[in-house]
Amino acid sequence: MNPVTEDRAPEPLTEYAHRLTRRLRAFDRRHPLLWDAHITGFWVTAALIDYAGGGWRHNAHTLDVPGWLLLTLSLGLSVPLLWRRTHPRAVLAAMALFALVNAWTGAALQAALLQLAVVFHVALRRPLRDLWWATALVMAPVLVSVARHGEGTWDQQVGSQLMSITVAALIGITVRTRRNYTEALEDRARRLETERDQQARLATATERARIAREMHDIIGHNLSVITGLADGGRYAAAKSPERAAQALDAIATTSRQALTELRRLLDVMREEEQNGDLVGADLTPQPGLTDLDQLLDVVRSAGLPVHTTTHGRPTLPPGRQLTVYRVIQEALTNTLKHAGPGATAEIELSYEDKGAVTVTITDTGNGCRTDGPSRDGRGLPGMRERTALYGGTLEAGPRPHPEQGWRVRLHLPEETPQ
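Residues numbered from 1 in each chain as written. Predicted model: local features only at pLDDT ≥ 70, side-chain atom pairs only at ≥ 80, totals over all residues. Heavy atoms only, no water.

Sorry if this is basic, but what is going on with the overall build of the protein chain here?
On a plain count of helices and strands, the protein chain comes out with twelve helices and five strands. Counted over contacts in the protein chain with a minimum sequence separation of 6, partners at least 24 positions apart contribute 70%. (Helix = DSSP H or I, 4+ residues; strand = E, 2+ residues; numbered from the N terminus. Contact = heavy atoms within 4.5 Å.)

Listed below in structure tokens is the structure:
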């Protein structure tokens, strides 16, 4: 067994006490009246025993107090405890009346000390400023007793009672502080749990959006290529069967590549689901700059001539490589869809230090473009979201007059040290 675990393990007696305390508190929350009735019954019984057994005579200032009055005082100083938790101020006021009569007659019943229990509940449940008038109510019978019967000195009687009130109030304040602290911890735990669930839902939504972008990039690009190849093969079938056969081969190759990428994406998702951690899935392996030549070959086979120019050496991490790859893929896909016949494309990549890169994709198409801000698909928004992850900028729009075509420019700044 781990020695650290042994050191931190609670003692059996302590654990038993904590478990018993939790059970008592849970029972009290479920049956508050039953618990109050038991406590009140105990003190009522003690007060009646003091009255019936004559124990009150040992402390009384006078012994000629009527029996009915002693019984009334005993009940009046104990029965109100039943409502001490729900109405502590009213209970203390009611007991103070009986305590004044108790002091004036000289009976000096010990049940008057039960007022301290109510002072405890005033400190526990009411604003602390209520302790001032509570102290006055409890001290009043002591002053009456000293003034009327004159036993003991003022400082002894008043000082002793003030000390008792102070102890009861301090115990109530201590329990109240601990209870508030425990409630604050529980509330914080609930808020943290709620925040965790919210973060999990947000992360799940973000992950779904990223998966949707990946699906769009894979399916949209490859279907555009397949459509272009199929159209070209249909026109070439009558005049050049060899070109038609080449188009069919390219369609088969492109389809297999699309299926491979989709399987790879779905396999990673399946593995993350089995591990219980779909949120934050890395979705690797993903295409990078090493796959760029293969992408361009597929686009060229679909009938779009593409020329590339590279400046510098690529030193990008996988995440930035995927962003560059998907932006180029999306731009070429839109060119295949909208540029029209006879269009060409040019890609310029400029690699800088610390992961900075600038990519410009232009075409010479003259077709009607719909990949601008009004487009309702996921292409351009997906590209912007990818770019925003690295604090970059993405510009997409027509080339300046008199040039024709479309221009997409991506810039990722240097990586920020973590």
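How do you make sense of unusual backbone geometry when you look at a structure like this?
Note: most residues except glycine have negative phi, and most peptide bonds are trans. In this model, Ala108 sits at a positive phi of 55 degrees, which is unusual for a non-glycine residue. What makes Ala108 buried here is its relative accessible area of 18%. (Buried < 20%, exposed > 50% of the residue type's maximum accessible area, 1.4 Å probe, protein only.)

Would you mind showing me how to read the packing of aromatic side chains here?
Remark: the centre distance and the inter-plane angle together describe each pair of aromatic rings, the angle taken between the planes. A complete count under the given rule lists one aromatic pair for this structure. Positioned above the aromatic ring of Trp104 is the side chain of Arg148, whose terminal nitrogen or guanidinium carbon lies 4.1 Å from the ring centre. (Phe/Tyr/Trp six-rings, centres within 6.5 Å; stacked < 30°, edge-to-face > 60°. Lys NZ or Arg CZ within 6 Å of the ring centre and 35° of its normal.)

Would you take a moment to explain the environment of Pro398 for this structure?
Structurally, Pro398 is set in strand 4 (residues 393-398). Along the backbone, Pro398 and Thr362 are 36 residues apart, and their C-alpha atoms lie at a distance of 9.2 Å. For Pro398, the residues in contact, after removing those within four places along its chain, are Gly405 and Trp406.

I keep staring at the packing of helix 4 (residues 67-76) against helix 5 (residues 88-105) and nothing clicks. Help me out?
Two quantities define a packed helix pair, namely the angle between the helix axes and the distance between the axes. At a minimum axis distance of 9 Å, the contact between helix 4 and helix 5 shows a crossing angle of 145 degrees. Regarding helix 4 and helix 5, the two cross each other, and that crossing is left-handed. Across the interface between the two elements, Leu69, Thr72, Leu73 and Gly76 of helix 4 pack against Met95, Phe98, Val101, Asn102 and Thr105 of helix 5. (Axes fitted to C-alpha atoms, helices over the stretch in contact; angles between N-to-C directions. Left-handed = near helix turned anticlockwise from the far one by under 90°.)

Please explain the side chain of Arg399 as it appears in this structure.
Structurally, Arg399 is set in the loop between strand 4 and strand 5 (406-412). In this structure the side chain of Arg399 is engaged in a polar contact, spanning 3.2 Å, whose partner is the backbone oxygen of Asp363. Setting aside residues up to four positions removed in sequence, Arg399 forms contacts with Thr362, Asp363, Thr364, Gln404, Gly405, Trp406 and Arg407. (Polar contact = N/O pair within 3.5 Å; in protein donor to acceptor, adjacent residues only side chain to side chain.)

What is the right way to read helix 5 from this model?
Along an α-helix, residues three or four positions apart point the same way, because every turn accommodates 3.6 residues. An ideal rise of 1.5 Å per residue puts 26 Å on 18 residues; helix 5 measures up with 26 Å between its terminal C-alpha atoms. If you check which residues of helix 5 are buried, you get Pro88, Val91, Leu92, Met95, Ala96, Ala99, Asn102, Ala103 and Thr105. Each element contacted by the buried residues of helix 5 is listed here: helix 4, helix 6 (115-125) and helix 7 (130-149). Positive backbone phi, at 85 degrees, marks Gly106, one or two positions downstream of helix 5. (Expected span 1.5 Å × (residues − 1).)

For this particular structure, what's the right way to read the environment of Ala46?
Take Ala46: it is sitting in helix 3 (residues 32-52). Among the residues examined, Ala46 registers a relative accessible area of 32% and is labelled partly exposed. Residues Ala46 and Ser74 lie 28 residues apart in sequence; the distance between their C-alpha atoms is 9.3 Å.

Please clarify how the nonpolar core should be interpreted in this entry.
Most often, soluble globular proteins keep nonpolar side chains buried together rather than apart. Val324, Ile328, Leu332, Ile347, Val359 and Ile361 are the most contacted members of the largest nonpolar core, which totals 30 residues. Those elements that place two or more of their residues in this core are helix 10 (292-301), helix 11 (318-338), strand 2 (345-351), strand 3 (357-363), helix 12 (379-388) and strand 5. In terms of residues, this core owes the most to one element, helix 11, which gives six residues. Ignoring anything within four residues of it in the chain, the contact list for Val359 reads Val324, Ile328, Ile347, Glu348, Leu349, Val408, Arg409 and Leu410. Core analysis: the next-biggest nonpolar cluster, separate from the first, contains 23 residues, Leu77, Leu92, Ala134 and Met139 among them. (Core = buried A, V, L, I, M, F, W, Y, C linked by side-chain atoms within 4.5 Å.)

Even after reading the chapter, I still don't get the sheet that holds strand 2, so can you show me in this structure?
By way of backbone hydrogen bonds, the strands of a sheet pair with one another, either parallel or antiparallel. Read from one edge to the other, the open sheet built from five strands follows the order 1-2-3-5-4, with strand pairing classed as mixed. Where the open sheet ends on each side, the last strands, each with one partner, are strand 1 (306-311) and strand 4. The average angle at which neighbouring strand axes cross in this sheet is 10 degrees, direction not considered. Summarising the sheet, strand 1 and strand 2 pair through six bridges and their orientation is parallel. Note that in strand 2 the partner of Thr309 across the bridge is Glu348. Packed on one face of the sheet, helix 11 meets strand 1, strand 2, strand 3, strand 4 and strand 5 and runs near 10 degrees to strand 3. (Pairing = 2+ DSSP bridges.)

Can you help me understand a nonpolar patch on the surface in this one?
A cluster of nonpolar side chains, Leu13, Tyr16, Leu20, Leu24 and Trp35, forms an exposed patch at the surface whose accessible area comes to about 500 Å². Top element by residues in the nonpolar patch is helix 2 (residues 12-30). It accounts for four residues. Locating Trp35 in the fold gives a position in helix 3. (Patch = residues over 30% accessible without salt bridge, like charges linked within 9 Å, V, L, I, M, F, W, Y side chains within 5 Å. Areas by Shrake-Rupley, 256 points an atom, 1.4 Å probe, with all protein chains shown as cover. Salt bridge = Lys/Arg side-chain N within 4 Å of Asp/Glu carboxyl O.)

I would appreciate a short explanation of the pairing of strand 2 in the present structure.
On any regular strand, side chains alternate: one points to one face of the sheet, the next to the other face. Every second residue of strand 2 is oriented toward a common face, the buried set being Ala345, Ile347, Leu349 and Tyr351 and the non-buried set Glu346, Glu348 and Ser350. A crossover connection joins strand 1 to the parallel strand 2 through helix 11; in handedness this β-α-β unit is left-handed. Judged from the seven bridges that link them, strand 2 and strand 3 form a sheet pairing that is antiparallel. Note on strand 3: the bridge partner recorded for Glu348 is Thr360. In textbook terms, the turn of a hairpin is the stretch between consecutive antiparallel strands, and for strand 2 and strand 3 this stretch comprises five residues, one of which, Lys354, has a positive phi near 60 degrees. (Right-handed = clockwise from strand over helix to strand, strands pointing away.)

Teacher, can you tell me more about the side chain of Asn102 here?
In this structure, Asn102 sits in helix 5. On the accessibility criterion, Asn102 (5% relative accessible area) is buried. Polar side-chain contacts of Asn102 include one of 3.1 Å to the backbone nitrogen of Ala108. Discounting chain neighbours no more than four positions away, the residues touching Asn102 are Leu73, Ala107, Ala108, Leu109 and Ala112.

Teacher, can you tell me more about the pattern of salt bridges here?
Inspection of every chain in the model, using the stated rule, returns ten salt bridges. A salt bridge links Arg89 to Asp130, with the shortest nitrogen-to-oxygen separation between them at 3.7 Å. In this pair, Arg89 is assigned in helix 5 and Asp130 in helix 7, connecting sequence segments 41 residues apart. Relative accessible area serves as the criterion here: at 38%, Arg89 is assigned to the partly exposed category. Across the pair Asp130 and Arg126 runs a salt bridge whose closest N-O atoms are separated by 3.6 Å. Using a relative accessible area of 6% as the deciding quantity, one classes Asp130 as buried. Looking at Arg126, the relative accessible area reads 26%, which means it is partly exposed. Salt bridges sharing common partners tie together Asp36, Arg84 and Arg85.

In short, the description is geometric, and any link to function would need to be established separately.
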